[in-house]
Amino acid sequence: MPSSENGKTQPRVIVIGAGIGGLTAAALLAHRGYNVLVLEQALIPGGCASTFQRKGFTFDVGATQVAGLEPGGIHHRIFTELGIELPTATPCDPACSVFLPGENYPINVWRDPEKWRAERERQFPGSEMFWDLLGILFQASWDFQARDPVLPPRHPWDLWQLIRALRPKTMVTVPYTLFTVGDALRAYKLDGDYRLRLFLDLQLKLYSQVDAEETALLYAATALAVSQEPQGLFHLHGSMQVLCDRLVESLQRDGGQLLTRHTVESIHVEKNRACGVTIRNQKTGEVWQESADHIIANVTVQNLVQLLGDQAPRGYKHRVAKLPPASGAFVIYLGVTAAAIPPNCPPHLQFLYDMNGPIGENNSLFVSVSRPGDGRAPTGYATIIASSFVDPQPWWDGDNYPALKQKFTDEAISHLSKFFHLTPETIVHVEAATPRTFYRYTARERGIVGGIGQRISTFGPFGFANRTPIDKLWLVGDSTHPGEGTAGVSYSALTVVRQIQASK
Ligand SMILES: Cc1cc2nc3c(=O)[nH]c(=O)nc-3n(C[C@H](O)[C@H](O)[C@H](O)COP(=O)(O)OP(=O)(O)OC[C@H]3O[C@@H](n4cnc5c(N)ncnc54)[C@H](O)[C@@H]3O)c2cc1C
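Residues numbered from 1 in each chain as written. Predicted model: local features only at pLDDT ≥ 70, side-chain atom pairs only at ≥ 80, totals over all residues. Heavy atoms only, no water.

Asker: Hey, could you go over the overall build of the protein for me, with residue numbers and the actual values?
Answerer: Helix and strand content of the protein: 14 helices and 22 strands. Relative to the compact-globule value of 23 Å for 504 residues, the protein shows a C-alpha radius of gyration of 22 Å, a close match. Overall size of the protein, expressed as C-alpha extent along the three principal axes, is 65 × 55 × 45 Å. Looking at the protein as a whole, 60% of its 504 residues qualify as buried. At a minimum sequence separation of 6, the contacts of the protein that also span at least 24 residues come to 69%. Accessible surface for the protein amounts to roughly 20700 Å². Of this, 54% is attributable to carbon and sulfur atoms. Considering the protein, the positive charge centre built from 46 side chains and the negative charge centre built from 48 side chains are found 5 Å apart. (Helix = DSSP H or I, 4+ residues; strand = E, 2+ residues; numbered from the N terminus. Rg over C-alpha atoms; globule rule 2.2 N^0.38 Å. Buried < 20%, exposed > 50% of the residue type's maximum accessible area, 1.4 Å probe, protein only. Contact = heavy atoms within 4.5 Å. Areas by Shrake-Rupley, 256 points an atom, 1.4 Å probe, with all protein chains shown as cover. Lys, Arg positive; Asp, Glu negative; His and termini not counted. Charge placed at Lys NZ, Arg CZ, Asp CG, Glu CD.)

Here is the structure:
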């Protein structure tokens, strides 16, 4: 219900979920004068970008590196509007060191564009025209995105935002809208370049959930270039939780409210208009209904359909049901002594151990290593976090769960031991997260993570819109444009905030 302050009516907004997407939307709306209530089912806000503590170590649950902190970057823009300080951060250089099977020297994705160009020429001779095309598409897409288009448009206002973001230069991207990275590799006769293909598969899987063959070329152009100056990937000091903590501070300063351990059980719809939610206080078991002018769901699109139950529009439900299977993640968190870390270890590494079969299921690991003094480990110690994409289904089948978790843990430690000095003496703490863990702490359906794969059929203009088919119900987070990552979900939050304001 609208509340009244200083004689003015403030529209009431309920945000379901305090992930980075939900919190960003909530903080911006509170700052712009809305009456905001955020409901979070977990004890700690932050979702996939939160942290936990064990034996003096701080572990980032999922996200470990952040894009969009540079001036003009999305976090920078939002924190500036909110008047809150950006977290202290160090640029990652190299952004990632990628080890292909059987190779002892990595492909280093340098932050300096010229250094990265030289590295590519050395690693993938003959591929420069392909990279030049990616560079052109990136620049046009990045400039376009900076003008805040609404994708995909579902309303005349959205369409207008899209049209006004277009420039003659944007048109260079149009012929490539239906191209995948695989198509571009074939066009440049690079499809036989095995190392290049493996490198792209590995890197793209991290950002787009799918390999080079399937990833939309326009999405890949951005994902592969965002780690170079003047953009960049950053390692936050303290932990990833800092991002979320600052947003909560801003929300509360501007009169917004966050209730943790409060689960939204359903969304109410009347005459195709969202009007309220049913809430359960997990501590007391109390259940009640709360009405609102707008409801923002910071959940996966699969969860949104569940929250709507019978009220979910049939076409929408059908589209969600037909989505290709989403990935889960297996993550191992190690607290180690500094002796486990080789000298000059880069902050982020990626390893492919086996060339047979799809990437994931522990045959590749994305690894983040803490740096001395970054607040994640006591002096003389470090954290190593390694993740791999997995099919979530086996983690839910039968009684095999403890054995499967142990098998993945042992395999991951064995793989990591090829690079790190891991022994019973150097390992202080071991813990693992599986799709069941992600389900428990983030409520994401079956523990799926990373959003909708950025295939042609689901990226940008063909993806799920922030504006749902139900009036006043908005979807924020990694199921929507421009996809996963704290930067991506912050764009999605900003879009919804602008849409809500425009609907006044
Ligand atoms: C292993 C892993 C590594 C990653 N690495 C990176 C990285 O390095 N950099 C990067 O930028 N991104 C990374 N990501 C992706 C990034 O973490 C996510 O895309 C992003 O944090 C998602 O934010 P969100 O707001 O969309 O959703 P979420 O983080 O899922 O937040 C949703 C919130 O809603 C709450 N919720 C859900 N349902 C309900 C309900 N019914 N009632 C109340 N509350 C509810 C959940 O508890 C959760 O807190 C990684 C993800 C994973 C899993």
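Having seen the model, we can carry on.
Asker: Mind laying out the sheet that holds strand β13 (residues 262–270), listing which residues take part and the relevant values?
Answerer: Pairing is antiparallel in the open sheet, where 3 strands are placed in the order β13-β14-β15. Where the open sheet ends on each side, the last strands, each with one partner, are β13 and β15 (287–291). With direction set aside, neighbouring strand axes in the sheet form an average angle of 25 degrees. With 5 bridges connecting them, strand β14 (residues 273–281) and β15 associate as antiparallel partners. Directly across from valine 277, in β15, lies its bridge partner glutamate 290. (Pairing = 2+ DSSP bridges. Axes fitted to C-alpha atoms, helices over the stretch in contact; angles between N-to-C directions.)

Asker: Give a detailed account of the packing of aromatic side chains, specifying residues and quantitative values.
Answerer: Tallied over the entire structure, the rule returns 23 aromatic pairs. Here the aromatic residues Phe52, Phe57, Phe59, Tyr333 and Tyr381 are joined through ring pairs into a cluster of three or more. Between arginine 319 and the ring centre of phenylalanine 464, over which it is positioned, the NZ or CZ distance is 4.2 Å. In this structure, arginine 436 packs its charged tip against the face of tyrosine 401, placed 4.2 Å from the ring centre. (Phe/Tyr/Trp six-rings, centres within 6.5 Å; stacked < 30°, edge-to-face > 60°. Lys NZ or Arg CZ within 6 Å of the ring centre and 35° of its normal.)

Asker: Any details on helix α13 (residues 435–442)? Residues and values, ideally.
Answerer: Listed as buried for α13 are Pro435, Thr437, Phe438 and Thr442. Buried positions in α13, seen along its axis, are confined to an arc of 155 degrees and lie on one side of it. Taken together, the buried residues of α13 touch β17 (328–337), β20 (381–390), α12 (401–416) and β21 (427–433). Taken from the residues just after α13, alanine 443 is the one with a positive phi, measuring 65 degrees. (Arc of directions from axis to C-beta.)

Asker: Which residues make up the environment of isoleucine 20, and what values do they have?
Answerer: Looking at the secondary structure, you find isoleucine 20 in helix α1 (residues 20–31). Its relative accessible area of 5% is what places isoleucine 20 among the buried residues. In sequence terms isoleucine 20 and aspartate 245 are 225 residues apart; their C-alpha atoms lie 10.0 Å from each other. For isoleucine 20, the residues in contact, after removing those within four places along its chain, are Gly46, Ala49, His75, Leu243, Cys244, Leu247, Thr486, Val489 and Ser490.

Asker: Talk me through a negative patch on the surface; I want residue IDs and the actual numbers.
Answerer: On the surface, a cluster of negative charge is contributed by Asp93, Asp112, Glu114 and Glu121. Inspection of the secondary structure assignment puts glutamate 114 in helix α3 (residues 113–123). (Patch = residues over 30% accessible without salt bridge, like charges linked within 9 Å, V, L, I, M, F, W, Y side chains within 5 Å. Salt bridge = Lys/Arg side-chain N within 4 Å of Asp/Glu carboxyl O.)

Asker: Help me get a handle on the side chain of histidine 429, residues and values and all.
Answerer: Secondary-structure assignment places histidine 429 in strand β21. Accessibility expressed as a relative area gives 9% for histidine 429, which makes it buried. A polar side-chain atom of histidine 429 sits 3.4 Å from a polar atom in the side chain of lysine 55. Separated by 2.8 Å, the side chains of histidine 429 and glutamate 431 make a polar contact. Setting aside its immediate chain neighbours within four residues, histidine 429 contacts Arg54, Lys55, Phe59, Tyr333, Leu334 and Gly335. (Polar contact = N/O pair within 3.5 Å; in protein donor to acceptor, adjacent residues only side chain to side chain.)

Asker: Just give me the short version of unusual backbone geometry, but keep the residues and values in it.
Answerer: Cis peptide bonds are those with omega within 30 degrees of zero, and the linkage from leucine 151 to proline 152 qualifies with -15 degrees. Structurally, the position occupied by proline 152 is in the loop between α4 (128–146) and α5 (156–165). The phi angle at asparagine 272 is positive, at roughly 55 degrees, despite the residue not being glycine. Relative to the elements of secondary structure, asparagine 272 occurs in the loop between β13 and β14. In this structure, alanine 443 is a non-glycine residue whose phi angle is positive, near 65 degrees.

Asker: Kindly report on the domain arrangement of the protein, identifying the contributing residues and their values.
Answerer: You can read the domains of the protein as domain 1 (4–49 + 240–323 + 460–503), domain 2 (113–230) and domain 3 (327–445). When each unit is reduced to the centre of its C-alpha atoms, the spacing between domain 1 and domain 2 is 30 Å. Listed by partner, the interface residues are 17 residues for domain 1 and 16 residues for domain 2. Of the roughly 1500 Å² buried where domain 1 meets domain 2, counting both sides, 55% is carbon and sulfur surface. The interface formed by domain 1 and domain 2 includes 1 salt bridge. (Domains from an automatic or database assignment. Buried area = accessible area lost by both parts, 1.4 Å probe.)

Asker: Mind laying out the packing of α3 against α4, listing which residues take part and the relevant values?
Answerer: Helix packing for two helices is described by the angle between their axes and how far apart those axes are. Running from N to C, α3 and α4 point in directions that differ by 145 degrees, and their axes come no closer than 10 Å. Residue-level inspection shows Trp116, Arg117, Arg120 and Glu121 of α3 in contact with α4, the latter providing Glu128, Trp131 and Asp132. When the residues that make up the contact of α3 with α4 are grouped by side-chain class, the tally is 2 nonpolar, no polar and 5 charged. (Nonpolar A, V, L, I, M, F, W, Y, C, P; charged D, E, K, R; others polar.)

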